[in-house]
Amino acid sequence: MKNQWIEFISGKVTVKVSGKGIERFINVLIRNGLIVWNVKRHGTETITFTMRLQDALKIRRYARERDCSITFLKRAGMPFLFKRLLKNSGFAGGALLFLLLIMFLSNVIWGIEIKGAKPATEYQVRKELDKMGVKIGKVQFFVDNVEGIQRKLTNNVGNLTWVGVELKGTTYHLQVVEKKEPKKPEQLAPRNLVAKKKAVIDSMYVETGQKKVDIHDHVEAGQLLVSGVIGKEGQTQQVAAVGEVWGETWYKSHVELPLKTKFFVFNGQEKEKLSLILGKLEIPIWGFGEPDFQEYESDRNVSKIHFLKWELPISIGNETLRAREETTRIYTEKEAEKNALELAKDKIKSVLDEEAIIKDQKILHKEFVNGKVILDIHFKIIENIAVGQPIPKETTE
């Protein structure tokens, strides 16, 4: 019998027939289009065979006409299997519910371990994790992936040099490297302090060493400011000159700023999409169809599904679509000049030390051309111009 799997789907039965007219009975079944197979004789008046469930319901009439008795020995196939499942549905449902519960609990955060952090830093890290929703009892599908958590912690916790985030089962393991303040050198080698650039001395503070310039003096790059050779003639000694020499320096900056700028802003509309990912197959389970807005940015997060300690080849994809609108910003000439000046200040500050201050600025050139403002600006800066330089061996004083 070919294609018995089809018969399995529709159902089949094994029938036992007893009587004197069993050959005629079989012939009648075949003439009436009832298919039988696996026919076996058991003695002179008994045979067994297999037939389809839908045909088995019709043979009693033919058996009575041929004075035969029939017995159904075995039932097999999908209808009977389904019937048994319904009969044991409570057990099957309980088993399925148990597996689903285990799978759910396997994807809940049950632990967060932080290593390498001082108590104060660990408190800051845990506080930031709470803001991100990474907390005990939270489902992993609804938090950022490990790369996103690592990036946000590095950006938002100031005293972290590096943080590694790893998810093992239901526990997040964080390895923290804190920023270390540079150790102050125990002893500096003998040195002078010299000017690192051309300037006019504004103020100075000398802790160790001998001043060689005064306030309002004009100095060139490399000029000696504080000598590390101290003492009277014939009784000198070399020390490490320590101090600060603040000078007025000068910078030029060139900036261009358009009067009209187009850019995108979020308008607050969002749409969430949830999908089940099986290999390359993605099955939507929430947020069907396209969003109501045309312009948007997508933020996608994929979380693996775990069963106990094993990672299943199944993932949950969570995609957030945020609507954006194009807007145009138009400056008046006065506003453009003001913003261009602020832009130039930020540009200058990016190349200065943190302690440096802008004393004054003067616009050397200004023009409005091709829809933008162009500024050339001269800045006066007060900054520490002193840098250490080893004392030459031949120096005597």
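Above: the structure in question.
In this report, we go over the structure that sits alongside the text. Just so it is clear, the structure is predicted and the values come from calculations on it, not from any experiment.

1. Some words on the sheet that holds strand 9 (residues 199–208)
Argument step 1. Pairing is antiparallel across the open sheet formed by five strands, whose spatial order is 11-9-15-21-20. On the outer flanks of this sheet lie strand 11 (218–219) and strand 20 (357–369), each paired with one strand and no other.
Argument step 2. Bridge analysis of strand 20 against strand 21 (residues 372–384) gives 11 bridges, and the strand direction is antiparallel. Note that in strand 21 the partner of Ile 357 across the bridge is Ile 382.

2. Concerning helix 2 (residues 22–31)
Argument step 1. Ile 22, Phe 25, Ile 26, Val 28 and Leu 29 are the residues of helix 2 that are buried. Seen along its axis, helix 2 keeps its buried residues to an arc of 160°; they face one direction. Seen from the open side of helix 2, the exposed residues pointing more than 90 degrees away from its buried face are Arg 24, Ile 30 and Arg 31.
Argument step 2. In this fold, the buried residues of helix 2 make contact with strand 1 (12–18), strand 2 (36–41), strand 3 (46–52), helix 4 (59–65) and strand 4 (69–76).
Argument step 3. Immediately downstream of helix 2, the backbone of Gly 33 shows phi near 80°, a positive value.

3. Examining the pairing of strand 3
In summary, the side chains of a regular strand alternate between the two faces of the sheet.
Argument step 1. The element strand 3 is extensively covered by neighbouring structure, given that seven of its seven residues are classed as buried.
Argument step 2. Looking at chain direction, strand 1 and strand 3 are connected through seven bridges and run antiparallel. Its bridge partner lying in strand 3, Val 15 is registered against Phe 49.
Argument step 3. Pairing analysis gives four bridges linking strand 2 to strand 3, with the strands arranged antiparallel.

4. Quick look at the sheet that holds strand 7 (residues 171–178)
Argument step 1. The strand order across the open sheet built from three strands is 5-7-6, with neighbouring strands paired in mixed fashion. Looking at strand neighbours, the two that pair on one side only are strand 5 (111–115) and strand 6 (160–168), the edges of this open sheet. Geometrically, the sheet is characterised by an average inter-axis angle of 15° between neighbouring strands, direction not taken into account.
Argument step 2. Sheet strands touched by helix 7 (residues 119–132): strand 5, strand 6 and strand 7. Its angle to strand 5, the strand with the most contacts, is close to 145°.
Argument step 3. Sitting on the sheet, helix 8 (residues 146–156) is in contact with strand 6 and strand 7, with an inclination near 155° to strand 6.

5. Some thoughts on the environment of Val 229
Argument step 1. Following the sequence through the fold, Val 229 ends up in strand 13 (residues 229–230).
Argument step 2. The exposure class assigned to Val 229 is buried, which follows from its relative accessible area of 3%.
Argument step 3. C-alpha of Val 229 to C-alpha of Ala 240: the two residues are 11 residues apart in sequence and 8.6 Å apart in space.

6. Considering the nonpolar core
If you look at soluble globular proteins, the nonpolar side chains tend to sit buried side by side.
Argument step 1. In this structure, Val 15, Val 17, Phe 25, Leu 29, Phe 49, Met 51 and Ile 59 are the most contacted members of the largest nonpolar core, which totals 20 residues.
Argument step 2. Among the secondary structure elements, those contributing two or more residues to this core are strand 1, helix 2, strand 3 and helix 4.
Argument step 3. By residue number, the principal contributor to this core is helix 2, which donates five residues.
Argument step 4. For Val 17, the residues in contact, after removing those within four places along its chain, are Ile 22, Phe 25, Glu 45, Thr 46, Ile 47, Phe 49, Cys 68, Ser 69 and Ile 70.

What counts and how
- Residues numbered from 1 in each chain as written.
- Predicted model: local features only at pLDDT ≥ 70, side-chain atom pairs only at ≥ 80, totals over all residues.
- Heavy atoms only, no water.
- Pairing = 2+ DSSP bridges.
- Helix = DSSP H or I, 4+ residues; strand = E, 2+ residues; numbered from the N terminus.
- Buried < 20%, exposed > 50% of the residue type's maximum accessible area, 1.4 Å probe, protein only.
- Arc of directions from axis to C-beta.
- Contact = heavy atoms within 4.5 Å.
- Axes fitted to C-alpha atoms, helices over the stretch in contact; angles between N-to-C directions.
- Core = buried A, V, L, I, M, F, W, Y, C linked by side-chain atoms within 4.5 Å.

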